[in-house]
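# A look at the structure
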Amino acid sequence: QIKEVNPIPYTHQPEPSIKMKFVAVLIALLAAPAVAFTPVTKARAAQIKEVAAAAAAAAVLTTAAPAFAGDVDAGALVFSANCAACHAGGNNVIQGEKTLRKDALVSYLSGGFKEASIVTQVTNGKNAMPAFGGRLGDDEIADVAAYVYDQASGDKWD
């Protein structure tokens, strides 16, 4: 009886690094002059369009999501562990008027009422609020920003 063996087991492939993306772009740039001076037939033009479409799709698929696109549920845990001492229920025990409710964030948040502005505030701190950039990872900050934005925009604070 013949036993089928897969010589190369599947392993998770990480997202291409910046270095790999740079190499791909460099190869494309080096190949461009050869392509530019090749006579183009209708068949070749169609082939070039297909390659360009595939390259565009690859560029879109290898581009990472913005840093501030966080996970609301994970953010609730980060908030409970790091923020609730001063901001329980969306309040502010240090400066009472600077709550985490939407109207207060619209008034006091630099950059406007959006997750990216909350990420900046949490990362760098401001006035009495300490910076959490050295204590929390970028993912944790993005998650807590998503949670605060979700709570404030949905008027969900207790």
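These remarks concern the structure in this document. Small disclaimer: the values here were computed from a predicted structure and weren't measured.

What follows is about the overall build of the protein chain. Helices and strands together make up the secondary structure of the protein chain, namely seven helices and zero strands. Secondary structure elements in the protein chain, listed N-terminal to C-terminal, are α-α-α-α-α-α-α. Sorting the 158 residues of the protein chain into buried and exposed places 20% on the buried side. For the protein chain, long-range pairs separated by at least 24 residues make up 54% of all intrachain contacts whose partners lie at least 6 apart in sequence. Entry remark: accessible area of the protein chain is about 11300 Å², with carbon and sulfur atoms responsible for 62%.

Inside soluble globular proteins, nonpolar side chains tend to come together where they are buried. Counting residues in hydrophobic clusters, the biggest one holds 19 residues, and the most contacted among them are Phe-79, Val-148 and Trp-157. Of all the elements in the fold, those that place two or more residues in this core are α3 (72-82), α6 (115-124) and α7 (138-153). Broken down by element, this core gets its largest block of residues, six residues, from α7. Apart from residues lying up to four places away in sequence, Phe-79 is in contact with Ala-84, His-87, Leu-100, Val-144, Tyr-147, Val-148 and Trp-157.

Enumeration over the complete set of coordinates arrives at one salt bridge. Between Asp-150 and Lys-156 there is a salt bridge, with the nearest N and O atoms lying 2.9 Å from each other. Relative accessible area serves as the criterion here: at 23%, Asp-150 is assigned to the partly exposed category. On the basis of relative accessibility, which here comes to 42%, the residue Lys-156 falls in the partly exposed class.

Before going further, it helps to examine the packing of aromatic side chains. Taken as a whole and assessed by the stated rule, the structure comprises four aromatic pairs. Look at Phe-79 and Trp-157: their rings are 5.3 Å apart centre to centre, the planes differ by 40 degrees, and that puts the pair in the tilted class. Of this pair, Phe-79 sits in helix α3 while Trp-157 sits in the segment after α7, placing them 78 residues apart in sequence. Of the two residues examined, Phe-79 and Trp-157, each falls in the buried class. Each ring, one from Tyr-147 and one from Trp-157, has its centre 5.7 Å from the other, and the planes form 90 degrees; the classification is edge-to-face.

With a phi angle near 55 degrees, Asn-127 is a residue other than glycine that sits in the positive phi range. Of the residues examined, Asn-127 reaches a relative accessible area of 60% and is grouped as exposed. We note that Asp-155 has phi near 50 degrees; this positive angle belongs to a residue other than glycine. Tracing the sequence through the fold places Asp-155 in the segment after α7. Residue classification places Asp-155 among the exposed residues on the basis of a relative accessible area of 66%.

Turning to α6, a few remarks are in order. Burial in α6 covers these residues: Ser-117, Ile-118, Val-119, Gln-121 and Val-122. Here the buried face of α6 lies against α7. Gly-125 occupies a position one or two residues after α6 and carries a positive phi of about 70 degrees.

As a further point, take the packing of α6 against α7. Contact geometry for α6 and α7: axes closest at 9 Å, N-to-C directions at 125 degrees. Between α6 and α7, the angle is such that the two are oblique. Every pair of crossing elements has a handedness; the one defined by α6 and α7 is right-handed. Counted together, Glu-115, Ile-118, Val-119, Val-122 and Thr-123 of α6 and Ile-141, Ala-142, Val-144, Ala-145, Ala-146, Val-148 and Tyr-149 of α7 form the full contact between these two elements. Looking at the contact of α6 with α7, its residues break down into 10 nonpolar, one polar and one charged.

What counts, and where the lines are drawn
- Residues numbered from 1 in each chain as written.
- Predicted model: local features only at pLDDT ≥ 70, side-chain atom pairs only at ≥ 80, totals over all residues.
- Heavy atoms only, no water.
- Helix = DSSP H or I, 4+ residues; strand = E, 2+ residues; numbered from the N terminus.
- Buried < 20%, exposed > 50% of the residue type's maximum accessible area, 1.4 Å probe, protein only.
- Contact = heavy atoms within 4.5 Å.
- Areas by Shrake-Rupley, 256 points an atom, 1.4 Å probe, with all protein chains shown as cover.
- Core = buried A, V, L, I, M, F, W, Y, C linked by side-chain atoms within 4.5 Å.
- Salt bridge = Lys/Arg side-chain N within 4 Å of Asp/Glu carboxyl O.
- Phe/Tyr/Trp six-rings, centres within 6.5 Å; stacked < 30°, edge-to-face > 60°.
- Axes fitted to C-alpha atoms, helices over the stretch in contact; angles between N-to-C directions.
- Parallel < 35°, antiparallel > 145°, perpendicular 65-115°, else oblique.
- Left-handed = near helix turned anticlockwise from the far one by under 90°.
- Nonpolar A, V, L, I, M, F, W, Y, C, P; charged D, E, K, R; others polar.

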